[in-house]
Amino acid sequence: MDERSDNELVIASCQGDRTAYAVLVRRHYNQTFLICLGVLGHVHDAEDAAQDAMIKGFQQICQLRTGSRYGAWVGAIARNLSVNLLRKRKMTERALGAEESSRRHEGRPPRDDVRQAVARLPWDLRLPLVMYYFDGQNVKTVAEKLEISTSGVYQKLKAAIKELHEMLTTQGDMP
Amino acid sequence: MNEPCPNMQDRIADYVLGALDAGEAQALQEHVRECTGCRQYLQGLQEQSESLVELGREVDTGMTARQDRVIEALESVAPAARRTFPSFGGFIKTAVAAVLLLGAGITIGRWTAPRPVDVTRLRADLETSLAASIRPAAQKDVLAQVDQRLQAEAQQRAELARQTYQDLHALAEQSAAGTASLERLMNGKFAELVEIIEAGRKTDRGHVERALQEMRTQTGLGLQAVALRASHAATRVPD
């Protein structure tokens, strides 16, 4: 296991050392992926976005002046990329709205499970929910990663779990 | 399914998230023992939480493979490009301030010092006036002095530009020292720059005054009046 600090690894990466950057990927990928999953709601989309964020981080690593902040920095890249992707996806969905609407009228509402219900939450509620339940259920850690207060995280989590419950019970099939 | 008490839903959500203290948790437990709707709501949220944790574990199982894919993809990515001027937050602010300050300094310099274009016009005006009013030998002497001053001014401006470029380059190299120290350095350098511009302005004014004095000595007050008009035109505020 590489014991170099993030700062040392960032400096080495800036000099083109891919091995050093691979260590940063191992250290920070999970958090980056969860941010993408929290915003996008789908695992495959999150994998693509997290990979793009990590690669963008490598290409722009020399712009990072405080190497110890790499995790927060690449997390911010991931979040921005994911939010932009979500916006584009919503625009596409709106463009296809008429077709979807007619489908809804024709068939029964699809069965939902927790995964799908999470994917349907607004992203600003889904992000803290995913980071909380998928990564150790620690409100303080989520607050630090999202740079909001712990009470803010509690409010979002509370809203998220209530809305999730509403979706699942409305569909009539609690997991 | 019975509905939970409307005023208890938030409290139950807080309980599930572990946000209640011991006394509040105890009170809630007592309530849900008596209230079927709230009990079902609590059970629903607890089961949902368990499902979310389970989903998180499921997602987590593929992490190493995902990391491997990212590292593999990195092989085909060009290494990070090193930049002479890093383009991030603090430095951008400093650079914008510097450019504004530099712009202000140059503008003040242009307002207060004779501009090269206007000095050229001054020379042309003087040449015309001198040709008509003074003898060739004195004319040649005064024009030589004007040329000499124009050349000195050009050298001074070139030196200023070169020094400014060197300073900015040195500052960019020192950017690793941190934003705060960089800003202090930038402030210091631009204070020096303003001083240089101010000194240049004073020198230029001195040159014009001395030229006028010499003209008066050599050609009399009539030519000085012509030169004063031309000088006034040269030092007017640009449009």
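Computed from a prediction, not measured in an experiment: that's the story for all the values here. (Residues numbered from 1 in each chain as written. Chains lettered and ligands numbered in written order. Predicted model: local features only at pLDDT ≥ 70, side-chain atom pairs only at ≥ 80, totals over all residues. Heavy atoms only, no water.)

J.: Explain the environment of B:C38 here, please?
T.: All names here are of chain B. Note that C38 resides in helix α3 (residues 36–60). Residues C38 and M8 lie 30 residues apart in sequence; the distance between their C-alpha atoms is 7.3 Å. If near-sequence neighbours (up to four positions away) are discounted, C38 is found in contact with P4, C5, M8, I12, H31 and V32. (Helix = DSSP H or I, 4+ residues; strand = E, 2+ residues; numbered from the N terminus. Contact = heavy atoms within 4.5 Å.)

J.: For this particular structure, what's the right way to read the interface of chain B and chain A?
T.: Interface size, as often reported, equals the accessible area lost upon joining of the parts. On the chain A side, the residues contacting the 47 residues of chain B number 43 residues. For the interface between chain B and chain A, the tally reads seven salt bridges. Note that A:R115 and B:E58 form a salt bridge whose closest N and O atoms lie 2.1 Å from each other. Put simply, chain B and chain A have 13 residue pairs in polar contact (both at pLDDT 80 or more) between them. Residue assignment for the side of chain B that touches chain A shows that the elements contributing at least two residues are α1 (9–16), α3 and α4 (63–74) of chain B. Here the element with the most residues in the side of chain B that touches chain A is α3(B); it accounts for 14 residues. Residue classes in the side of chain B that touches chain A are distributed as 23 nonpolar, 13 polar and eleven charged. (Salt bridge = Lys/Arg side-chain N within 4 Å of Asp/Glu carboxyl O. Polar contact = N/O pair within 3.5 Å; in protein donor to acceptor, adjacent residues only side chain to side chain. Nonpolar A, V, L, I, M, F, W, Y, C, P; charged D, E, K, R; others polar.)

J.: Help me out: how do you make sense of the state of the cysteines in this one?
T.: Cysteine pairs can be covalently joined through their sulfur atoms, and such a bond is termed a disulfide. By the definition in use, this model includes one disulfide over all chains. Here A:C14 connects covalently by a disulfide to A:C62, the sulfurs 2.1 Å from one another. Looking down the S-S bond of the A:C14 and A:C62 bridge, the torsion is 115°, so its handedness is right-handed. In this pair, A:C14 is assigned in helix α1 (residues 6–14) and A:C62 in the loop between α3 (43–59) and α4 (70–95), connecting sequence segments 48 residues apart. No disulfide involves B:C35; its sulfur sits 3.6 Å from the nearest other cysteine sulfur, which is in B:C38. (Disulfide = S-S within 2.5 Å.)

J.: What is the right way to look at the packing of aromatic side chains in this model?
T.: One pair of aromatic rings is described through two measures. These are the centre distance and the angle between the planes. The full count for this structure, using the stated rule, is five aromatic pairs over all chains. Ring geometry for A:Y29 versus A:F33: centroids 6.0 Å apart, planes at 20°, classification stacked. Taken together, the residues span about one helical turn, with A:Y29 and A:F33 both in helix α2 (residues 18–40) at a distance of four residues. Clustering of aromatic rings is evident, with ring pairs tying together A:Y21, A:F58, A:Y70 and A:W73. One Lys or Arg, B:R66, reaches over the ring of A:F33 and ends 4.3 Å from the middle of that ring. (Phe/Tyr/Trp six-rings, centres within 6.5 Å; stacked < 30°, edge-to-face > 60°. Lys NZ or Arg CZ within 6 Å of the ring centre and 35° of its normal.)

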